[in-house]
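Structure at a glance
Listed below, chain by chain, are the residues.
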Amino acid sequence: MFSPKISLFGEILRRAPTADSLANAMMPVPAPPRRFLPRLCGTVLLPLLLLPAQGPLHGHTSAPAAGPEWEVLSSQVEIRRDAFGVPHIHAETVRAAGFALGWVQLEDYGERVVEGLIRARGESAMILGADEGSVQGDVRARRDHARALETFHRLDPAVRDMYHGFALAVNRYLELHPDELPRAAGLRFSGHDVLARDVVSPSWAAANRFVSALEERRGEASRLTGPEYAFRGPEPPPALPRGWEEGSNTWALAPSRTASGHAILMRNPHLSWTAGYYEAQLRVPGVVHFHGDFRIGGPFGIIGGFNQRLGWSTTNNGPDLTEIYALSPDPDRADHYLLDGASHPLRLQVTPVTVHEDDQYRVEVHETWETALGPVIHRTDQRIYVLRSAGDGEFRLGEQFYRMMTAHDLDQWKEAMRMQARIQSNIIYADADGNIFYVWNARHPVRPHPAGGDTVAVEARSSDDVWTRIIPFDSLPQLLNPPGGYLRNENDPFHHTNLNAVTEADEVPPDFPEPRVRLRSQRSLELIHAEPHETPSPLSLEEVWELKHDARITLADRVLDDLLAAVRTAVADGTRGELAAAADLLEDWDRTASARQAGALLFAEWWDAYLEGAESAPASPESAGFGATPESLFVQPWSQERPMETPRGLANPQRGVDALEEAMRATAERWSDWRLPWGEVHRARRGDLDLPVSGCDGLLGCFRVLWFTDDDDGLRRIRGGDGWVFAVEFGQVPRAFTILAYGQSDREDSPHHTDQLPLFVDGHRKEVSFTPEAVDAATERGYRPGHR
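Residues numbered from 1 in each chain as written. Predicted model: local features only at pLDDT ≥ 70, side-chain atom pairs only at ≥ 80, totals over all residues. Heavy atoms only, no water.

1. Considerations on the overall build of the protein chain
- Along the backbone of the protein chain there are 22 helices and 33 strands.
- The buried share of the protein chain, taken over its 788 residues, is 59%.
- Restricting to contacts in the protein chain with at least 6 residues of sequence separation, those with at least 24 account for 70%. (Helix = DSSP H or I, 4+ residues; strand = E, 2+ residues; numbered from the N terminus. Buried < 20%, exposed > 50% of the residue type's maximum accessible area, 1.4 Å probe, protein only. Contact = heavy atoms within 4.5 Å.)

2. Focus: empty space enclosed by the protein
- Enumeration according to the criterion identifies four cavities of 30 Å³ or more in this entry.
- The space that makes up the largest cavity amounts to roughly 70 Å³.
- Lining the largest cavity are Arg80, His88, Ile89, His90, Gln281, Arg283 and Val775.
- Residue assignment for the lining of the largest cavity shows that the elements contributing at least two residues are β4 (87–91) and β8 (277–284).
- Per-class residue counts for the lining of the largest cavity are two nonpolar, three polar and two charged.
- Every residue along the wall of the second largest cavity is listed here: Asp82, Val86, His88, Glu279, His291, Thr738, Lys766, Glu767, Val768 and Ser769.
- Considered class by class, the residues forming the lining of the second largest cavity number two nonpolar, four polar and four charged. (1 Å grid on protein atoms, 1.4 Å probe; cavity = no way out; pocket = protein on both sides within 12 Å on 5 of 7 lines; lining within 4 Å. Points joined across faces, edges and corners; volume = space filled by probe spheres on them. Nonpolar A, V, L, I, M, F, W, Y, C, P; charged D, E, K, R; others polar.)

3. Section: the pattern of salt bridges
- Inspection of every chain in the model, using the stated rule, returns 61 salt bridges.
- Residue Asp557 is joined to Arg552 by a salt bridge in which the shortest nitrogen-to-oxygen separation is 3.0 Å.
- Judged by its relative accessible area of 22%, Asp557 falls in the partly exposed class.
- Under the relative-accessibility criterion, Arg552 is labelled partly exposed at 23%.
- Residues Glu587 and Arg568 are paired through a salt bridge, measuring 2.6 Å at the closest nitrogen-oxygen approach. Of this pair, Glu587 sits in helix α17 (residues 577–588) while Arg568 sits in helix α16 (residues 554–570), and the two are 19 residues apart along the sequence.
- Given a relative accessible area of 47%, Glu587 falls into the partly exposed group.
- Overall, the relative accessible area of 30% leaves Arg568 in the partly exposed class.
- The structure contains a network of salt bridges with shared partners spanning Arg683, Arg685, Asp690, Asp711, Asp713 and Arg717. (Salt bridge = Lys/Arg side-chain N within 4 Å of Asp/Glu carboxyl O.)

4. Here's the deal with the packing of α16 against helix α19 (residues 653–671)
- Two numbers describe how α16 lies on α19: the axes approach to 9 Å, and their chain directions differ by 80 degrees. Our classification of the angle between α16 and α19 gives roughly perpendicular. Taking contact as the criterion, the partners of Leu563, Ala566, Val567 and Ala570 in α16 are, on α19, Pro653, Gly656, Val657 and Leu660.
- Residues that form the contact of α16 with α19 fall into these classes: seven nonpolar, one polar and no charged. (Axes fitted to C-alpha atoms, helices over the stretch in contact; angles between N-to-C directions. Parallel < 35°, antiparallel > 145°, perpendicular 65-115°, else oblique.)

5. As for the side chain of Arg188
- Relative to the assigned elements, Arg188 resides in the loop between α9 (157–176) and α10 (191–196).
- For Arg188, a relative accessible area of 16% gives the class buried.
- Reaching out from Arg188, the side chain makes a polar contact with the side chain of Glu175 at a distance of 3.2 Å. (Polar contact = N/O pair within 3.5 Å; in protein donor to acceptor, adjacent residues only side chain to side chain.)

6. Points about the nonpolar core
- Formed by 206 residues in total, the largest nonpolar core has its most connected members in Trp312, Trp413, Ile553, Phe603, Trp606 and Phe760.
- With 12 residues, the top contributor of residues to this core is α9.
- Ignoring any residue separated from it by four or fewer positions in sequence, one finds Ile553 in contact with Trp589, Arg591, Thr592, Ala593, Ala600, Phe603, Cys696, Leu700 and Cys702.
- The next biggest cluster of nonpolar side chains, apart from the first, holds 11 residues, and it includes Ala207, Phe210, Leu214 and Tyr385. (Core = buried A, V, L, I, M, F, W, Y, C linked by side-chain atoms within 4.5 Å.)

7. Quick notes on the packing of aromatic side chains
- Taken as a whole and assessed by the stated rule, the structure comprises 29 aromatic pairs.
- Aromatic pair Phe210 and Tyr385: ring centres 5.2 Å apart, planes at 55 degrees, arrangement tilted. Placement of Phe210 in helix α11 (residues 204–220) and of Tyr385 in strand β18 (residues 384–389) is noted, with a sequence separation of 175 residues between them.
- Each member of the aromatic cluster is reached from another via a ring pair, and the members are Phe290, Phe294, Trp312, Phe401, Trp413, Tyr429 and Phe437.
- Over the face of the ring belonging to Tyr610 we find Arg655, whose NZ or CZ atom lies 4.1 Å from the ring centre. (Phe/Tyr/Trp six-rings, centres within 6.5 Å; stacked < 30°, edge-to-face > 60°. Lys NZ or Arg CZ within 6 Å of the ring centre and 35° of its normal.)

8. Here we look at the pairing of strand β30 (residues 724–730)
- Counting buried residues along β30, seven of its seven residues qualify, which places the element largely inside the surrounding structure.
- Side chains Trp724, Phe726, Val728 and Phe730 project from β30 onto one buried face, and the interleaved Val725, Ala727 and Glu729 project onto a second face that is buried too.
- As paired strands, strand β7 (residues 264–272) and β30 are joined by four bridges and run antiparallel to one another. Bridging from a neighbouring strand, Ile264 pairs with Glu729 of β30.
- As judged from the seven bridges shared by β30 and strand β31 (residues 734–740), these two strands associate in the antiparallel manner. Each bridged residue has a counterpart across the sheet, and for Trp724 the counterpart in β31 is Leu740.
- In sequence, β30 turns back onto β31 through a hairpin of three residues. (Pairing = 2+ DSSP bridges.)

9. Topic: the state of the cysteines
- In the structure shown here, the tally under the stated rule is one disulfide.
- With a sulfur-sulfur separation of 2.1 Å, Cys696 is cross-linked through a disulfide to Cys702. Looking along the S-S bond of the Cys696-Cys702 disulfide, the torsion reads about 105 degrees, which is the right-handed sense. The burial state of Cys696 is the same as that of Cys702; both residues are buried. (Disulfide = S-S within 2.5 Å.)

10. Digging into helix α8 (residues 135–151)
- Taking 1.5 Å per residue, 17 residues should reach 24 Å; α8 reaches 25 Å between its end C-alpha atoms and fits that length.
- Of all the residues in α8, the buried ones are Val135, Gly137, Asp138, Val139, Arg140, Ala141, Arg142, Asp144, His145, Ala148 and Thr151.
- Its side-chain oxygen placed 2.8 Å from the backbone nitrogen of Gly137, Ser134 serves as the N-cap of α8. (Expected span 1.5 Å × (residues − 1).)

11. A word on the sheet that holds strand β3 (residues 77–81)
- Pairing is mixed in the open sheet, where 10 strands are placed in the order β22-β20-β19-β11-β10-β9-β8-β4-β3-β33. The open sheet terminates on both sides in strands that have one partner only, identified here as β22 (478–480) and β33 (781–783). Taking each pair of neighbouring strands and ignoring which way they run, the sheet shows an average axis angle of 15 degrees.
- Here strand β20 (residues 436–440) runs beside β22; their pairing, made up of three bridges, is antiparallel. Across the sheet, residue Val439 finds its bridge partner in β22, namely Gln478.

12. Brief notes about unusual backbone geometry
- A cis amide bond, omega 5 degrees, links Thr646 with the succeeding residue Pro647.
- Checked against the element boundaries, Pro647 lands in the loop between β24 (634–636) and β25 (648–650).
- The backbone of Asn481 shows a phi angle near 50 degrees, a positive value even though the residue is not glycine.
- When you line up the elements, Asn481 lands in the loop between β22 and β23 (486–489).

13. Some thoughts on the side chain of Arg283
- Along the chain, Arg283 falls in strand β8.
- Of the side chains with opposite charge, Asp776 comes closest to the buried, unpaired Arg283, at an N-O distance of 6.4 Å.
- In this structure Arg283 touches Ile89, His90, Ala91, Val288, His289 and Pro772, once residues within four positions along its chain are discounted. (Lys, Arg positive; Asp, Glu negative; His and termini not counted.)

Have a look at this one:
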């Protein structure tokens, strides 16, 4: 049955025994007649073609070899590292700046940079192997890579230079360090490969959820018949445990709120400590001078930071940018669908993927289908389901960030934002002119129908049934210089960004998120809100930094008094002395997750035990991340009418008492004593350092968010949350503080792997050297990239 395919791919098979020819087998091939492609879940397996492994595969040599050009770029740039290893890059050209930025990332993160580019080219299963690579991920990556190839020439020349310079640094580093990265030895990358990391993919997570729900319904009632095709996309990462929020905090304060009379911006993302935030400064005189966070693997990523005049910060906002449409197959023409009364062809994409497993190689040929509306994710005789995602194929993310980095004022910065190449994020801005600005940024569809979510498909018979436009940037929810002189976001929707300028739900489209102010957001507002008629104490940059590290557990302010009252009643007969002692501890506790405070550990364990007995509920604005119905937790659930006073009160005091006894037992059994201070159990561990740390998860209402995971010794170590923080004041020269908890380098033998952790634990900071004179004074080591 494979003979036609052997004929079609004969040249691939004949040349396959060499490493280079296996790489060439990855190149696109013409789509064969469908009758020659037996289908297995959208995958065609070539004959097993097991070949002996012959070392790294060196395909796709479309990039120019590292050679004289790297020497030119090296001569045009200098890297200056300060005492914490932060690189300050001074370059004559943007291309040389990209070369240096790639070089310093490789010095500090090595193989991780290269592996990201391998995945971006869709070669992970071939080069990294079946254990680390993903065939499905490679198929999807080829789609994005093809988009990068066809659009690279449309980017601004300076942005192309940045991508090319970065790729040249990778090539040069691989030449000099073949033993450090043996799997990548001989590989060459281009700016196209780096761009592919920034191409926007459709929401494969939504595809996974929809196909899973569809298959579940099919199992319950066999209404779908006939041959099926399904492509879910790569497997999504596992769900985060309760309390692990991938989010951020950010503030902007107007000059009226600061001691200096200058605007202040604070940025504080909460991602895993493996997220790869990377602090650096770029300076090309007359072109760009920017200090902030980059992400390992490219020159752009999702950037926050500041230049001489302005800066911005992002937080996740989770807009609904995806719709799943159900199209009708054309009964008279195979592989066609009907729309607007006309027959349209499905486009077949054939992707050979080479897989390295058990010291052998095999080639899998995957077929996927595309429509003008988006990729096909499921197909039966009755329906063709299509994933339509706003921003699918968007390639200008780097260009938008470059324009934001080089903007001189709010008008220029907003003009860059109008590109809408960054398809989501809350973004808060501040500048030297005293402006503060917020936008709920989203490349949001203008839907002609109610949103279907990711479990319901919308029937599409004509173009009028399908969204075709997005909401313009200037029509998105935004605030400029609001009363009270502050803006803030902690991942909740835009409605209460400033309590003096609330956006009502009926002022925005119905498919925008519903209002919500969770406890972390409420604590933020408690720290910086001011009424228009008030004159609050002005804040210095140092005081803003101190407030950012606030560790108060806001949940305790809402439920602890009710718990203590219930416990006092339960112990009134004097027979439950240990329970009374626990109540005494909690009453004396200062209600913070401070490392030295006893009481926080018992309270957090009590709340987990209390949740166990609550009525479960799916994730929703009402459940606020607790996984339980608010009525089973609180006397007064959160309400829009009282956004800062609710939720409040313990819904089931007796369950609260029982949960406290269970928490005491479990805590003593696990850690020997329920009276332990928070920091005895919650640790910041990296390298040889093992330090007690303050902070808790946002669901408890901590503004200083930390998530923990159980370590081998039973204690808890930081897994994510606070890690990268900056605060900047926009005077004549920006004045800024930063901290990167996990250090500038991921290399365990580097002095900059752990050197910032003690500062982070104590709430301290580094001062940014921004002017050339300050950089000169702070330089510990200066060198040109590209040399050993």
